[in-house]
Amino acid sequence: MIDLKQVSLEYPVTRTLALDDVSLHVAKGEFVYLVGHSGAGKSSFMNLVLKRALPTRGEVRVAGEALTRFRGRRTALLRRRIGTVFQDNLLLDHLNAFDNVAFALRVTGVPQREWPQRVTSALRTVGLEHKKYALPVQLSQGEQQRVAIARAIVSDPPLLLADEPTGNLDPDNSRDVLKVLQNVNRRGTTVVVATHARDLVETYRHRTLTLRKGKLVRDDPYGGYAL
Ligand code: ADP
Ligand code: ADP
């Protein structure tokens, strides 16, 4: 699903080497954590996969395609096939959970008659089918984050990237969000989670990639948090 071959990313102007000769392979269907101190290169990795940044060296392939050869429209198509979840996921305040998730289908080619079933299924996956008429203010932060996950998966992306998805949540909500991400993974989506949440990484074990100053210093198939 994701292939990096000797990838380096140096940002212009500041000349920060955010990723330094990183090679890795994430197979279809995997659940992978990406850990490392702030500034280690986690967001840069996500940016490369989304083609928001181009590698200075090496090659990035997503779903078998080399991103460097992509042009405008294909980049848009690529991004549509990748679900994203961030620390702060802005839901639209005036729309209920159902409509927030449905909103994500507007830009896809899914016929409108299929939306209700799609949205309901996505809300079921995140355990919020019973809150579909709730407005964001009526939901806890954890529930809002789960709606954001439903929004990210409603178009059935083969890949989901989550960057600090529990960064603003208390421990209980964090665990719920993690379980939801595992649930998404069980349904066939490849999931990559960049996180600082040591307890989650230790409790819910998955392959863990560790970055240190842009270098991939550990790739542990059994997981565990050691920076
Ligand atoms: P994280 O929360 O993962 O530690 P940061 O707070 O370091 O991330 O960065 C948040 C966003 O700001 C990222 O998208 C990153 O690419 C961008 N960013 C980080 N450092 C810089 C910088 N020195 N100059 C410009 N953008 C930056
Ligand atoms: P993380 O997500 O692990 O905190 P980042 O990928 O955000 O790490 O950052 C890696 C390094 O690259 C840091 O030194 C950061 O300051 C720098 N950086 C990130 N984004 C940018 C950017 N857009 N321009 C310049 N430097 C950046």
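The preceding data block contains the structure.
Remember, it's a predicted structure, so these values are computed and weren't measured experimentally.

Colleague: Please explain the sheet that holds strand S2 (residues 17–26) as it appears in this structure.
Modeller: The pairing of strands in a sheet happens through backbone hydrogen bonds and is either parallel or antiparallel. Strand order across the open sheet formed by four strands is S2-S1-S4-S5, with antiparallel pairing between neighbours. Looking at strand neighbours, the two that pair on one side only are S2 and strand S5 (65–66), the edges of this open sheet. Pairing between strand S1 (residues 2–10) and strand S4 (residues 57–62): five bridges, direction antiparallel. Bridge pairing in S4 links Ser8 to Arg57. Lying on the sheet, helix H1 (residues 42–49) is in contact with S1, S2 and S4; it crosses S1 at an angle near 120 degrees.

Colleague: Just to check I follow, could you spell out the nonpolar core for this structure?
Modeller: Proteins that are soluble and globular tend to have nonpolar side chains buried together. Tyr33, Val101, Val119, Leu123, Ile149, Leu160 and Leu181 are the most contacted members of the largest nonpolar core, which totals 41 residues. Residue assignment for this core shows that the elements contributing at least two residues are strand S3 (31–35), helix H3 (97–103), helix H4 (115–125), helix H5 (141–153), strand S7 (159–163), helix H6 (171–186), strand S8 (190–194) and helix H7 (198–203). Considering every element that reaches this core, the biggest residue donor is H5, with six residues. Every residue in contact with Val101, bar those within four places of it in the chain, is listed here: Val119, Ala122, Leu123, Val147, Ala150, Arg151 and Val154. Membership of the second largest hydrophobic core comes to 30 residues, among which are Met1, Met46, Ile82 and Ala194.

Colleague: Just checking my understanding: could you explain the pairing of S8 for this structure?
Modeller: Side chains on a regular strand alternate between the two faces of the sheet. The buried fraction of S8 is high, at five of five residues. Both faces of S8 are covered, namely the face carrying Thr190, Val192 and Ala194 and the face carrying Val191 and Val193. Strand direction decides the pairing type here: S7 and S8, joined by five bridges, are parallel. Bridged to Ala162 within S8 is Val193.

Parameters and conventions
- Residues numbered from 1 in each chain as written.
- Chains lettered and ligands numbered in written order.
- Predicted model: local features only at pLDDT ≥ 70, side-chain atom pairs only at ≥ 80, totals over all residues.
- Heavy atoms only, no water.
- Pairing = 2+ DSSP bridges.
- Helix = DSSP H or I, 4+ residues; strand = E, 2+ residues; numbered from the N terminus.
- Contact = heavy atoms within 4.5 Å.
- Axes fitted to C-alpha atoms, helices over the stretch in contact; angles between N-to-C directions.
- Core = buried A, V, L, I, M, F, W, Y, C linked by side-chain atoms within 4.5 Å.
- Buried < 20%, exposed > 50% of the residue type's maximum accessible area, 1.4 Å probe, protein only.

Read these as geometric descriptors, not functional statements.
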